[in-house]
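# Structural overview
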Amino acid sequence: MIDAAPADLPEQAAAPAPRASLLAWVHEGARTLAFCWPRWERLHATPAMLALLLALSMLVSVGAGRLYFDGDALFSWRSMLAGWSPFVLTIWACYVLRRAPRSDPRTAPDSAHLIALLLAQSLCLSLVMHTIALAMKYSGRFDDPAIWVSWLVWLTPVLWGSLAQLFAMMRAGDRELSSRVQAIYAFALACAIGYYFAPHPDYWREKPVADAERLEPLRFTQDSVEAQAPLLEEKVAALKPQRDGIADMYTITFAPYEGEEVFRRESRMVSEVMAKRFDAAGRGLQLLNHREHLEDMPWATPLNLQRAIEGVAATMNLDEDVLFIHLTSHGARDGELAAEFWPLDVEPVTPPELRKWLDEAGIKHRVISISACFAGSWIDALASDDTLVMTASDADHTSYGCGKKSPLTFFGRAMYDEQLRTTTLSFEDAHAASRKIIDKREKEAGKSDGYSNPQIKVGSAIKPYLAKMRARLGG
């Protein structure tokens, strides 16, 4: 005889939901990045899984960020507190989309599942983006001269990921129009804040070589600013006068980038070489942006360069003498010569500006040297029959040796410290020899973006004039 079940027996408990592994979440995150429908029956969102996905996303960003620095780097804990507004808005959008009871098995069981799926997508996307960027860096292509390549590497995954997340939210959420509209607005605002108004924080920054090199921000006093004009006038007034019947060389060196010590060293070295080898002692001006020379040297600003050219023009014999100008800094493809003197805002010098100032000053005989990346873009703007213009690179390649640990740029070292200092007084011969030396050293150093390809263009009128000067100097 079989006993009947007691009437007061509780109903059979429902089967527990499956515990989805981290691998399952990552797998679905990758699938939905390819615009596939999520398979919710394989997933289960728990508080622990949400916390794990969020922690892994942050860990990937922080860890990958460290790999972009070759040397020592310092971690910024405050950066961990930045950039949460987009995440909060995304959570709110998920809640708006999944606040109604589930009626379609293709939609997310609840807002927690939708949030977890977006976190899994972000984790997969971050892994892909950083893998590509780091592969480019360590293959020597991260600093590719084609700026659009770097933008493409970052922008394509970002746009793709944003679109994939929006698709996942629309597919997994409620079908009510009001819910969708609110979610789209929230997601669009999150993207705008995350990618435009508050981009991803920098978790790492370069560590100084030593604590002694932790420099305080520059402080420009009213006295130091007001002293600049009379200081430049004083330096110009101290220039030696021109000598009748002699082709004198006047020089200006211009180093506008305060953050790199190599530019100060090169500016000083070039000035010394020109003074000793080209009989230009007492006929040179140095314009320099450097914290140690705030009060005793004219600053390397566009206005000071223009005034220096005007001052030299008023001193030299415009028909007999030669003006030599050496500019050293970082360079850009658009021809701008980088300037840095924070907190003073210094505009970059461009080739048309320099040409205009020289023309307006009436300076006829010119030798212009540009030690910067992409400096070949200066050639056409400055070239004339009475001008010799030479550069450290062509218009499509970077130069080399302008890092913090470089004693001199490759161009400055070969052209001036080695060739013009001891070997020759011919700019053309020195440049030709330097090209071979630079090519060899760049290959030895592992320069990966191609030969810098230094350029030179010599006007038909300046060539015999410089030959006559060399004869007078005994070279």
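Everything numeric here is computed off the predicted structure, so don't read it as measured data.

## Examining the packing of aromatic side chains
For the structure shown, the criterion picks out nine aromatic pairs. With centroids separated by 5.2 Å and ring planes inclined at 80 degrees, the aromatic side chains of Phe 35 and Phe 167 adopt a geometry described as edge-to-face. One end of the pair, Phe 35, is in the loop between α1 (22-33) and α2 (47-67); the other, Phe 167, is in helix α5 (residues 147-172), with 132 residues separating them in the sequence. A relative accessible area of 36% places Phe 167 in the partly exposed class. A connected cluster of aromatic rings, assembled from ring pairs, spans Phe 278, Phe 324, Phe 411, Tyr 416 and Phe 427. We note Arg 106 situated over the ring of Trp 37; from NZ or CZ to the ring centre the distance is 4.6 Å.

## Quick word on the nonpolar core
If you look at the biggest cluster of nonpolar residues, it comprises 33 residues, and the most contacted ones within it are Ile 252, Leu 305, Ile 309, Leu 323, Leu 327, Leu 354 and Ile 370. For Ile 309, the residues in contact, after removing those within four places along its chain, are Ile 252, Ile 325, Leu 354, Trp 357, Leu 358, Ala 361 and Ile 363.

## Observations concerning a nonpolar patch on the surface
Together, Leu 177, Val 181 and Tyr 185 make up a nonpolar patch on the protein surface, roughly 360 Å² of accessible area in all. Residue classification places Val 181 among the partly exposed positions, given a relative accessible area of 37%.

## Focus: the pattern of salt bridges
Here the structure, examined in full by the defined rule, presents 19 salt bridges. A salt bridge links Arg 333 to Asp 396; the nearest nitrogen and oxygen atoms lie 3.7 Å apart. Taken as a pair, Arg 333 in the loop between β5 (322-328) and α11 (351-361) and Asp 396 in the loop between β7 (387-391) and α13 (410-422) lie far apart in primary sequence, 63 residues in all. Measuring nitrogen to oxygen at the nearest pair gives 3.7 Å for the salt bridge that ties Glu 428 to Lys 463. Highlighted residues: Glu 428 in helix α14 (residues 427-445) and Lys 463 in helix α15 (residues 462-473), separated in sequence by 35 residues. What makes Glu 428 partly exposed here is its relative accessible area of 27%. We classify Lys 463 as partly exposed; its relative accessible area is 44%. Counted as one network, the salt bridges with shared partners bring together Glu 28, Arg 31, Arg 39 and Arg 42.

Definitions and limits used
- Residues numbered from 1 in each chain as written.
- Predicted model: local features only at pLDDT ≥ 70, side-chain atom pairs only at ≥ 80, totals over all residues.
- Heavy atoms only, no water.
- Phe/Tyr/Trp six-rings, centres within 6.5 Å; stacked < 30°, edge-to-face > 60°.
- Helix = DSSP H or I, 4+ residues; strand = E, 2+ residues; numbered from the N terminus.
- Buried < 20%, exposed > 50% of the residue type's maximum accessible area, 1.4 Å probe, protein only.
- Lys NZ or Arg CZ within 6 Å of the ring centre and 35° of its normal.
- Core = buried A, V, L, I, M, F, W, Y, C linked by side-chain atoms within 4.5 Å.
- Contact = heavy atoms within 4.5 Å.
- Patch = residues over 30% accessible without salt bridge, like charges linked within 9 Å, V, L, I, M, F, W, Y side chains within 5 Å.
- Areas by Shrake-Rupley, 256 points an atom, 1.4 Å probe, with all protein chains shown as cover.
- Salt bridge = Lys/Arg side-chain N within 4 Å of Asp/Glu carboxyl O.

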